[in-house]
Amino acid sequence: MSGSLTARWCLAALLALMLNACGKGQSSHIDSNSAALTPVQIEQNEKEERTKAGVPLGVTAPQKPAATTSLTLDAGPDVYSDANLLVTLNGDIQGTTPLVRTWWSQIEGPEAPILNPEQPNTQVVAPNVTQYTKLSFRLSGATKENEVVSDTLDLFVFPLANIARVTGSNQAENDTKINFNIKLDKPAPETLVLTYRTADGSALEGSDYIAQAGDLTFAPGEQEKTVSVSLLSDTTLEKGEFFTLQVTGTEGEQSFSARGIAVIRESEQKPIIPTQKPTRSTADTPQSELPGQSGQVRVNVVWAAADTRIDLSVKDPCSQWITFNYFEADCQLARGIFEELSPLVPQQNIYWANQAPQGQYTVRLRHANGAGSAYTARVYWGEQNTQLQGTLGSGETAEVFNFNVTEAEAGAPSSSSSSSSSSSSSSSSSSSSSSSSSSS
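Residues numbered from 1 in each chain as written. Predicted model: local features only at pLDDT ≥ 70, side-chain atom pairs only at ≥ 80, totals over all residues. Heavy atoms only, no water.

Novice: Quick question: what am I supposed to make of the pairing of strand E8 (residues 148–157) here?
Specialist: Consecutive residues of a regular strand have side chains that alternate between opposite faces of the sheet. Counted residue by residue, E8 has 9 buried out of 10 residues, so it is predominantly covered. Here 3 bridges tie strand E2 (residues 79–81) to E8, and the two strands are oriented parallel to one another. If you follow valine 79 over to E8, its bridge partner there is leucine 155. Relative to E8, strand E7 (residues 133–142) runs antiparallel, the two being bridged by 10 bridges. Each residue of the ladder has a partner; that of lysine 134, found in E8, is phenylalanine 156. If you look at the hairpin formed by E7 and E8, you'll find 5 residues sitting between the two strands, and asparagine 146 has a positive phi there, around 65 degrees. (Buried < 20%, exposed > 50% of the residue type's maximum accessible area, 1.4 Å probe, protein only. Helix = DSSP H or I, 4+ residues; strand = E, 2+ residues; numbered from the N terminus. Pairing = 2+ DSSP bridges.)

Now the structure itself:
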């Protein structure tokens, strides 16, 4: 047996021992310093983790599961793999409280395509690395009450030596082709012929791609070649799929083989978030602590994903809609103003600074672009406030709240309004005097 082949067998045996040793168990990573943390610090760390876990789910204000919630989420044990292999992620959900959404996301390491991130049990392609590499993944889940749970696991990639390495790419289903890179461990010392062929995985020849087979000839000094495979488009909505390219050859007296994995992903792969009626509670944040302008009446909406846009509209008591394209309106000598804080900040604000019109207001939200998203809307008027948390599906519009502003809640008239009022009174008095004089 050659020296390189012996080394590969030794590494494979080491991987097998590690896989047996890891076993099935809890994969949550416990900070070695957690014993030194105070309960307040532990609670803060848990809150930060829930916030991070809620982002890919579209949850802006993730809640801690209630004591009555029966729910356990486990990402599974840590995983060990060679490079360029398909690795299974075995997420597990236990309990009687249902999750309405789940999502796998990568949080550390070189990018690794996840086939179907919305499924607790899915697969990921170990990246093409040349040295030991650690990757980390998080499995998140949300209930209909926006309670968020999560767990993480690590993928340790130990690349084994081989004469040839095959790396596939990660393409959207509406692309026309997908490439495989075949690279030798060193430039060919003499002419070397490799045989290749495609093989089905969950993607099928004839419906998802056009099969390829043939020979690759490396001239002396050459080290790298590319094989392109044409993709077939269809109208069927499919999940992430894969197929492989298998390469075989002989160098001297040693035969070898290698396989690369190509992933065909959905063109827009995001959690499907339906519109859900908002829950109502007292606002959790004073309006002075929110970004943007405060007001006698104020409506603020914030959502989770930076690549999503939700447009806020408020109808004032004069039946005028204030929104991003009609950003100011005067009613009862008070002006309502639309404020978009920044293209980088996913929130909008509408306010009446010192004085607001009396009467009925309506709050409406419209999903403008990107994926469906959870949102939090906060409404302040006079000394009252309310908070609404719900989800808005792609392209949906919803009227989420109506409220009435009384004379006491409308605030003091502005100085210009008072001045105008005084003028009117003066003028009126003058008229009366004049009228009396005429009469006499």
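Next, the rest of the story.
Novice: Mind showing me how you'd approach the sheet that holds strand E27 (residues 397–405) here?
Specialist: Within a sheet, neighbouring strands are paired by backbone hydrogen bonds and run either parallel or antiparallel to one another. Spatially, 4 strands are ordered E20-E19-E24-E27 in an open sheet, and the strand pairing comes out antiparallel. In the strand order of this sheet, the two ends are held by strand E20 (321–322) and E27, each with one partner. In the sheet, strand E19 (residues 309–315) pairs with strand E24 (residues 359–369) via 7 bridges, with the strands oriented antiparallel. When the sheet's bridge partners are listed, isoleucine 310 is paired in E24 with histidine 367.

Novice: When you look at helix H2 (residues 39–54) in this model, what are you seeing that I'm missing?
Specialist: Counting along an α-helix, one turn takes 3.6 residues, and residues three or four places apart therefore face a common direction. Taking 1.5 Å per residue as the helical rise, H2 with its 16 residues ought to reach 22 Å, and the 22 Å between its terminal C-alpha atoms agrees with that figure. Taken as a whole, H2 has its buried residues at Arg50, Ala53 and Gly54. The buried residues of H2 all sit within an arc of 95 degrees when viewed along its axis, so they share a single face. Facing away from the buried side of H2 by over 90 degrees, the exposed positions are Val40 and Lys52. Packed against the buried residues of H2 are E7 and E8. (Expected span 1.5 Å × (residues − 1). Arc of directions from axis to C-beta. Contact = heavy atoms within 4.5 Å.)

Novice: Looking at this model, I keep getting lost on the state of the cysteines. Mind explaining?
Specialist: What makes a disulfide is a covalent bond joining the sulfur atoms belonging to two cysteines. With the rule as written, the count across this model stands at 1 disulfide. Here cysteine 318 is linked by a disulfide to cysteine 331, with a sulfur-sulfur distance of 1.9 Å. Linking cysteine 318 and cysteine 331, the disulfide has an S-S dihedral of approximately 80 degrees and is accordingly described as right-handed. Here cysteine 318 is found in the loop between E19 and E20, whereas its partner cysteine 331 is found in strand E21 (residues 328–331), with 13 residues between them in sequence. Taking relative accessible area as the criterion, cysteine 318 reaches 36% and is therefore assigned partly exposed. With relative accessibility at 2%, the residue cysteine 331 sits in the buried group. (Disulfide = S-S within 2.5 Å.)

Novice: Before we go on, may I ask you to explain the packing of aromatic side chains in this structure?
Specialist: Geometrically, a pair of aromatic rings is defined through the distance of the ring centres and the angle of the planes. For the structure shown, the criterion picks out 11 aromatic pairs. Taking the centre distance of 5.1 Å and the plane angle of 20 degrees together, the rings of tyrosine 80 and phenylalanine 156 count as stacked. Taken together, the residues span a long stretch of sequence, with tyrosine 80 in strand E2 and phenylalanine 156 in strand E8 at a distance of 76 residues. The exposure class assigned to phenylalanine 156 is buried, which follows from its relative accessible area of 13%. Considering the side-chain rings of tyrosine 132 and phenylalanine 156, the 6.2 Å spacing of their centres and the 10 degrees angle between planes classify their relative orientation as stacked. On the criterion of sequence distance, the pair formed by tyrosine 132 in the loop between strand E6 (121–125) and E7 and phenylalanine 156 in strand E8 is long-range, its members being 24 residues apart. For tyrosine 132, a relative accessible area of 47% puts it in the partly exposed group. Here the aromatic residues Trp352, Tyr361, Trp381, Phe401 and Phe403 are joined through ring pairs into a cluster of three or more. When the ring centre of phenylalanine 218 is taken as origin, the NZ or CZ atom of lysine 225, which lies over that ring, is 5.8 Å away. (Phe/Tyr/Trp six-rings, centres within 6.5 Å; stacked < 30°, edge-to-face > 60°. Lys NZ or Arg CZ within 6 Å of the ring centre and 35° of its normal.)

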